[in-house]
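So the chains spell out like this:
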Amino acid sequence: MATTRIGLDRLPAAARAAVEQHTGPQCTVVEATEGFNSEIAVRVTSATGTWHIKGLRTDHPRAWTQRREAAIAPFLTGIAPALHWRVETAGWDLLGFEALDGHHADYSPGSPDLQEVAALLRRLGDTPRPDIELRHAEQRLERYATHPDDLRFFAGDHLLHTDLNNANVLVNDRASHGDRARLVDWAWATRGAAWLDAGYWVVWLIASGHTPASAERWAAEMPVWHTAPAEGVTAFAAANRNVWDEISTADPDPWTLRLAAAAATWHDHREAV
């Protein structure tokens, strides 16, 4: 469920003052147009710099997402925007991230962004899992696995993002080739099998116009994909079908229905292999 957005000007005076200790007087404030999990999501420019600020009330049901993002940010150099500061005051938790330039990744067939996203996921695959509290993939997928024994395929000790929505990938065309993409929104960071993020990407690629075979060829750009047992990939496709069936039934928007269709297409392909 989306969270209602408010502007920085509606924060308590103490919270606004605490933010300005980091930013200085704000020259421009532009609200983000993607993602609605934060009550505050703005790009702020002042005389001293530019930041992406996201925030939630400390009593919000998803306040844990702010804590998760703050905890994991120091371990994501070269993967995600840097976290420059955090403000917890007047009932608000606010994170000040590096403001990234670029566009949301284009996952469609033939897009030059695909190589950049593949390079990003390879870097993520080489990133050590930090010693912080993370949910386990097998726990998150427990309700959706076709067979309880399938959960063994999802368990592992690797750091995963798990939300490969193209809006969570920013690509800066002015950066060096192979280092243009960054992953944002790490609230759902998870501990699990190394190949799962490549699998999550497959669903989004199919939703963007790829055939299942084409999507799996892009997944195979990640060395960790080759560690996945075929039976495990099929079990993961089945679990994702169940996830998106549930999401699209509860919230039948065009994009959720598109993802549900993509997940079903992938599962049918896996069953036919």
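Quick look at the structure, then.

### Regarding the environment of Arg-217
Piece 1. The topology assignment puts Arg-217 in helix α7 (residues 212-219).
Piece 2. Using a relative accessible area of 57% as the deciding quantity, one classes Arg-217 as exposed.

### Observations concerning the side chain of Gln-66
Piece 1. Among the structural elements, Gln-66 can be located in helix α2 (residues 63-72).
Piece 2. In terms of polar contacts, Gln-66 uses its side chain to reach the backbone carbonyl oxygen of Lys-54, at 3.3 Å.
Piece 3. Gln-66 has contacts with Ser-38, Lys-54, Gly-55, Leu-56, Arg-86, Asp-93, Leu-94 and Leu-95, leaving out every residue within four places of it along the chain.

### Some words on the pairing of strand β5 (residues 92-98)
Piece 1. Most of β5 is tucked away, with six of its seven residues classed as buried.
Piece 2. When strand β3 (residues 49-57) meets β5, the two strands line up antiparallel, connected through seven bridges. Bridging from a neighbouring strand, Lys-54 pairs with Leu-95 of β5.
Piece 3. Pairing between strand β4 (residues 83-89) and β5: six bridges, direction antiparallel.

What counts and how
Residues numbered from 1 in each chain as written. Predicted model: local features only at pLDDT ≥ 70, side-chain atom pairs only at ≥ 80, totals over all residues. Heavy atoms only, no water. Helix = DSSP H or I, 4+ residues; strand = E, 2+ residues; numbered from the N terminus. Buried < 20%, exposed > 50% of the residue type's maximum accessible area, 1.4 Å probe, protein only. Polar contact = N/O pair within 3.5 Å; in protein donor to acceptor, adjacent residues only side chain to side chain. Contact = heavy atoms within 4.5 Å. Pairing = 2+ DSSP bridges.

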